[in-house]
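Structural description and commentary
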Amino acid sequence: MLARQVNAAARVPAVARLVRPGAMKLTRSFTSNVRRIVPLPSCVSQQTTVRSFHLSRKVLEKAEEAIEDERVVDEVDVLIVGGGPAGLSAAIRAKQLAEAKGEEIRVVLLEKGAEIGNHILSGAVLQPTALDELIPDWKEKGAPLNQPALEDKMVFLTEKGSIPMPEPPQMHNKGNYIVSLSRVTKWLGEQAEELGVEIYPGFAGAQLVWDVAEDGTKRGIKGVITNDIGVNKERQRKDNYEPGMEFRAPITLLAEGAHGSLSLQAIKELKLREAVGADPQTYGIGIKEVWRVKPENHQAGLVTHSMGFPLTLDTYGGSFMYHMEDNMVSLGLVVGLDYENPYLSPFQEFQRMKHHPFFANVLEGGECLAYGARVLNEGGYQSIPKVHFSGGAIVGCSAGFLNVPKIKGTHNAMKSGMLAAEAAVDALAKRNEEDPFAPMDIAEYKTKLDNSWIMPELYEVRNIRPSFHPFGFFGGLIYSGLEAMFLKGRVPWTLHHQKQDHEYTKPAALCKPIDYPKPDGKLSFDILTSVSRTGTNHAEDQPIHLVVKDLDYKTHVDRNVGTFDGPLGRVCPAAVYEYVPKEDANGEEHAHGKKLVINSQNCIHCKTCSIKTPDQSITWTVPEGGGGPKYSLT
C-alpha cells in the first residue's frame, strides 16, 4: 500500500484523519511542526482564477464563513509535488543521501492520482541509465523491467505501404527495456516508502505559497496548498467539506510532468523563461493503446517507429509500436501541437492509423486493453527555463528534459530529480537554524545538471525538432539526419522555436475540413468507448476544473467557433468539450448558434486544451485529488 501511516516515534501525537474521494484513508501523525493558521477565504482566493463563476452574494457569505476556518500547516524538509519517475527519484535519492550522512529529514511527496502510477502514461522504452545509478540492485528488488528491446525498425508510411528508413543512432535501443511506465512508477513508490518517504496519494497541489517581498514582489516559494474537498459546482460546501492542507518547506520540487499547473505558475510569476532567454515550450500530444494480440502476430522485443501516414507532410509527428511481454503490444501516435489545420483531430488520426496494413496485420484478431493520452514537451534544450529559484526547483518533464529524436525522457527525468535531491540535501546542511524552513535557492542544481549527461544529450539534438519549420518536412528530415548521424550538434548555430503552438492554428476559412471514417469497433473505436478504457472518474458534484478564464462562455464561443470552427472539440482526446447547437442550448447565451459544454468528468488530464485553444481561454486546474485516469498497463 502506498498510503501509509507515519510512525510518529518522538513526535507530538497530533493526529488528523483525512479522506480523499477515490483515495485510501490516511491516518497521519505529524511532527511538532504541525500548526494551524487562519487562511484566506478559499472561495475568494479561488475566485481570482475561476472567472466563469461570478461573485454572487451567496458566495460572499460563504467567503465570510471561510475566514473562521483553520488550515492544517505542516512544515517538512523537502516537499515534492508529483509522484512520477522524477519526483520519486528525487524522494528516494534525498533519503539515501540523508541516511548515508546519518541524518533524519522529512521528505513528503504529494500525488494527485488515487494511487502512485495512476496518472503515468508513456509509450515507454526505458533506458535504465538513471535507474542503474539510483537503485543498482533493481533486478533483485523486482523492478518490472521484463522485456528487453531486441530489434529496431523505422519506416516511412505511405497510404497503403511502408518504406524502410535508416535509424539514427540515438534511436537504437539495445540495452533498453519495453515497460509499462505506470507499473515502474508504482514500484518506485514502493522503494520510496521503504526508505521512509511520506507519500500522500489523492492530494492535489492546487496553490503555491509565495514568499513575498515587502514591495509585494513574488521572490520565491514557501510551499504548496492542496485543494479543498467537499465543494460543489457552485463552490458551496458540502457535508464532507475539508479545507486543503498547507505544506511548507525550505525546498519544494515541482515534478508534475509536462505543462504542470504549479510549474507554469512558477515559470510565469518568477519570470524563469526570461531569466535565461528560453524559447517558448512546444508540445506534442501522445495518444496510446495497449493491445493483447495473437501469438503469431507478436514479436517480443521489437521496437518500431514510423513517420508519414496518417499525418500530412505539414504536420510534425510519428507513431510507435512496441512488442511487450505476454503478447501485449503498445502502440501510439504523437502529433505536434503546432499543426495548422483546426479540423485535425489527433484522436481520429490515431484511429485511422490502425487500419494501415503496418498496424492492422499485428492487431487483427486482438483485444484492446487500455487507452490514454498525454502531452509531452518537445521544445528541447532551448526551451528549458531557469530551473531553480528561492524555495525550490523544477524537475523532470516539468522542466522539459525529453529527448525528442530519441523519443525518451524518463531517464533524464529521473536523473534530474536525483540531482535536485543532491543539491537539496547539500543545501539543508547549511540552512539557518533560527529559521530552518525559510525558502532556500538550490542554485547548485543547475551546475549539477550541466555536469551530468542530461544537458550534453539534449544539446546534441537541439536543432532537430525546430528544423521542420524553416525547412519543411523533407528538408527537416534531411537536416535531422545529418545532425543526428554526422554533425551531432557540433554546428555553431541553434535553431529556435519562434511561437507557441496555438499561434500556428489557421482560421477555418483557410483550411480544408477532414472527413474521418467511422470506427469499425474492431481496430478503431469511438471516443467514449476509448475513454471508458482509461478508468477515468471524477466526483460528479465538484467545481469544473477546466476554467474559461477572463471571458464568459459566449465570448469564448464567438472567438473559437466564429474564427476557427471549434477546434477544441476535436483536439481533446476525451470528448470533454462540445459546442452544442443553438436548439439544445436551453435558452442560455450562445454565439454562432453554438454553446460550449464542458464534460469535465471525462477529463484524462492530458492538458492539451490549455495548450492548443486558439485564444488561450482555457486554464487547466487540478480537480479534487484522487480523480482522473487509473492507468496500469500504460
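Residues numbered from 1 in each chain as written. Predicted model: local features only at pLDDT ≥ 70, side-chain atom pairs only at ≥ 80, totals over all residues. Heavy atoms only, no water.

As recorded in an unreviewed UniProt entry, the chain goes by the name Electron transfer flavoprotein-ubiquinone oxidoreductase, listed as coming from Malassezia sympodialis. As its UniProt record puts it under Subcellular location (unreviewed entry), the chain is described as follows: "Mitochondrion inner membrane". Comment text from UniProt for the chain, heading Catalytic activity (unreviewed entry), reads "a ubiquinone + reduced [electron-transfer flavoprotein] = a ubiquinol + oxidized [electron-transfer flavoprotein] + H(+)". (UniProt positions renumbered as here; feature names shortened; annotations may be inferred.)

A complete count under the given rule lists 13 aromatic pairs for this structure. When the centroid spacing of 5.9 Å and the interplanar angle of 40° are considered together, the rings of Tyr200 and Phe203 count as tilted. Consider the rings of Phe347 and Tyr371, whose centres lie 5.9 Å apart with planes at 85°: the pair is edge-to-face. With Phe347 in helix α8 (residues 346–353) and Tyr371 in strand β23 (residues 367–377), the pair connects residues that are 24 residues apart, well separated along the chain. Residues Phe347 and Tyr371 agree in their burial class; the two are buried. Ring pairs connect the aromatic residues Phe156, Tyr316, Phe468, Phe473 and Phe474, which therefore count as one cluster. We note Arg462 situated over the ring of Tyr459; from NZ or CZ to the ring centre the distance is 3.9 Å. In this arrangement the basic side chain of Arg465 is found over the ring face of Tyr316, its NZ or CZ atom lying 3.8 Å from the centre. (Phe/Tyr/Trp six-rings, centres within 6.5 Å; stacked < 30°, edge-to-face > 60°. Helix = DSSP H or I, 4+ residues; strand = E, 2+ residues; numbered from the N terminus. Buried < 20%, exposed > 50% of the residue type's maximum accessible area, 1.4 Å probe, protein only. Lys NZ or Arg CZ within 6 Å of the ring centre and 35° of its normal.)

For the rest of this paragraph, the subject is the sheet that holds strand β8 (residues 147–148). Pairing in this open sheet of three strands is antiparallel, and the strands run β7-β11-β8 from one edge to the other. Sheet topology places β7 (125–126) and β8 at the edges, where each strand pairs with a single neighbour. Here β7 pairs with strand β11 (residues 177–178) via two bridges, running antiparallel. Its bridge partner lying in β11, Leu126 is registered against Tyr177. (Pairing = 2+ DSSP bridges.)

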